[in-house]
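So the chains spell out like this:
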Amino acid sequence: MRILIAEDEFVLCDQIRRALTAEGLAVDVAHDGEEAAFRGGSEPYDMIILDIGLPAKDGLSVLKEWRAGNVTTPVLILTARDGWSDRVDGLDAGADDYLSKPFHMAELSARVRALLRRRAGVTSPVFRKDAVEFDTRSGRVIRDGFPVELTSQEIAVLSYLFHNAGRFVSRTELSDHIYEYDGDRDSNTIAVFVTRLRKKLGPDFIQTVRGRGYMIDGA
Ligand code: CA
């Protein structure tokens, strides 16, 4: 899953980026409103964290621009502690959730996971299929009660397929959602990750149809 953080406080932005990267998310950052508006309007993010107080273009204007342009990506806004009117305006402008500063990183992470799975129509942070469990909080995978060692890229592929269970996902779509903006993309390596996941999770765990892509069926 790939997300955008639009936050002009460099230290805070980096703390959020590191926390979410550690959970297996691909994270892009924007440090002002113009950059945020452009990135969020042109890249296929799975969710966006948007600071309301951004330079160059304020967060509320950025959000309105996205919604007017039919960008339906879930957005969590960050506001000042006393910014209740910003929260009201943000929610009315199409934000899906909010958090006021300062906040605990664990709460932000939990809200990010909730927004990501809500879109997938899933209520639990743990995905299950057959004898396999994938915990989105820790990135841990268990098969038949035993932990399975996966690389960060294998986890990223597994997570995207679980969040989109029941439909075929092309290699291009997968690489759009597991790599960062300036990441080294090679859609051929996706096939390698899927082969390794099948070895580790079971030969039928991920279905393939030539020309359509990969699918975990209704988990
Ligand atoms: Ca700010």
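As a convention, each chain's residues are numbered from 1 in the sequence order in which they are written. The predicted nature of this model means local features are confined to residues of pLDDT at least 70 and side-chain atom pairs, given and counted, to a pLDDT of 80 or more, with totals for whole chains, interfaces and linings taken over all residues. Only hydrogens and water are removed before side-chain values are computed, so all heavy atoms of the structure are retained for them.

Looking at empty space enclosed by the protein
Picture a little ball the size of a water molecule; that probe, rolled over the atoms, points out where space is still empty. Space inside and on the surface of the protein is sampled on a 1 Å grid over the protein atoms alone, with a cavity defined as a set of points where a 1.4 Å probe fits but cannot get out and a pocket as an open set with protein on both sides within 12 Å along at least 5 of 7 lines; lining residues have an atom within 4 Å of a point. Grid points are joined across faces, edges and corners, and a volume is the space filled by probe spheres set on the points. This structure, assessed with the given rule, holds 1 cavity of 30 Å³ or more. Counted as a void, the largest cavity has a volume near 140 Å³. In this structure, the largest cavity is lined by Met1, Glu23, Gly24, Leu25, Arg113, Leu116, Phe134, Thr136, Gly139, Ile155, Ser159 and His163. Numbering goes from the N terminus for both helices and strands, where a helix is a DSSP run of H or I of at least four residues and a strand is a run of E of at least two. Within the residue set of the lining of the largest cavity, elements represented by two or more residues are α5 (105-120) and α6 (152-163). Considering every element that reaches the lining of the largest cavity, the biggest residue donor is α6, with 3 residues. The domain limits used here are those given by an automatic or database domain assignment. The residue makeup of the lining of the largest cavity includes at least three contributed by each of domain 1 (2-120) and domain 2 (126-215).

Quick look at the packing of aromatic side chains
The pairing test for Phe, Tyr and Trp rings, Trp by its six-membered ring, is centres within 6.5 Å, and the orientation test on the planes gives stacked under 30 degrees, edge-to-face over 60, and tilted for anything in between. Throughout the structure, instances matching the rule amount to 4 aromatic pairs. When the centroid spacing of 6.0 Å and the interplanar angle of 5° are considered together, the rings of phenylalanine 134 and phenylalanine 162 count as stacked. In this pair, phenylalanine 134 is assigned in strand β7 (residues 132-135) and phenylalanine 162 in helix α6, connecting sequence segments 28 residues apart. Accessible area is worked out with a 1.4 Å probe on protein chains only. A residue is then buried under 20% of its type maximum, exposed over 50%, and partly exposed in between. Taking relative accessible area as the criterion, phenylalanine 162 reaches 1% and is therefore assigned buried. Measuring from ring centre to ring centre gives 6.0 Å for phenylalanine 162 and phenylalanine 205, while their planes differ by 75°; the resulting arrangement is edge-to-face. Here phenylalanine 162 is found in helix α6, whereas its partner phenylalanine 205 is found in the loop between α8 (187-201) and β10 (207-209), with 43 residues between them in sequence. When sorted by exposure, phenylalanine 162 lands in the same class as phenylalanine 205, which is buried. An aromatic cluster is built from Phe127, Phe134, Phe162 and Phe205, whose rings are joined through pairwise contacts.

Brief notes about the sheet that holds strand β9 (residues 146-148)
Any two strands with at least two DSSP bridges between them are considered paired. Spatially, 4 strands are ordered β6-β7-β8-β9 in an open sheet, and the strand pairing comes out antiparallel. The sheet is open, and its two edges are formed by β6 (126-129) and β9, each paired on a single side. Between one strand and the next, the sheet's axes are offset by a mean angle of 25°, whatever the strand orientation. Where α8 meets the sheet, it contacts β7, β8 (140-143) and β9, and its direction lies at approximately 45° from that of β8. Here an axis means a line fitted to C-alpha atoms, over the contact stretch when the element is a helix, while the angle between two N-to-C directions is reported on a 0 to 180 degree scale. Working rule for contacts: check all heavy atoms of both residues, and any pair within 4.5 Å makes them a contact.

Considering the coordination of the calcium ion
Here the coordinating atoms are restricted to nitrogen, oxygen and sulfur within 2.8 Å of the metal centre, or 3.2 Å for Na, K and Ca, and because water is not among them the sites may look incomplete. The calcium ion binds to the protein through Asp8 (OD), Asp51 (OD) and Gly53 (O), with metal-donor distances spanning 2.2 to 2.4 Å. Between consecutive donors of the calcium ion, the numbers of intervening residues give the motif D-x42-D-x1-G. Its relative accessible area of 48% is what places glycine 53 among the partly exposed residues.

What about the domain arrangement of the protein chain?
Taken domain by domain, the protein chain consists of domain 1 (2-120) and domain 2 (126-215). Here the C-alpha centroids of domain 1 and domain 2 sit 25 Å apart. Buried area: the accessible surface (1.4 Å probe) lost by two parts on joining, summed over both. A combined buried area of about 1200 Å² lies between domain 1 and domain 2, and 51% of that area is made up of carbon and sulfur atoms. On the domain 1 side of the interface with domain 2, the three residues burying the most area are Arg2, Pro44 and Arg113, jointly 32% of the side's total. Note on definitions: salt bridges are taken to be side-chain nitrogens of Lys or Arg within 4 Å of carboxyl oxygens of Asp or Glu. Counting across the domain 1 and domain 2 interface gives 0 salt bridges. Counting of polar contacts relies on pairs of N or O atoms within 3.5 Å, with two restrictions inside protein: one atom must be capable of donating a hydrogen and the other of accepting it, and residues adjacent in sequence are counted only when both atoms are side-chain atoms. Where domain 1 meets domain 2, there are 7 residue pairs in polar contact (both at pLDDT 80 or more). Looking at the side of domain 1 that touches domain 2, the elements that each hand over two or more residues are β2 (26-30) and α5. Under the grouping applied here, Gly and all other residues not named as nonpolar or charged are polar, the nonpolar ones being Ala, Val, Leu, Ile, Met, Phe, Trp, Tyr, Cys and Pro and the charged ones Asp, Glu, Lys and Arg. A breakdown of the residues in the side of domain 1 that touches domain 2 according to their chemical character gives 6 nonpolar, 1 polar and 8 charged.

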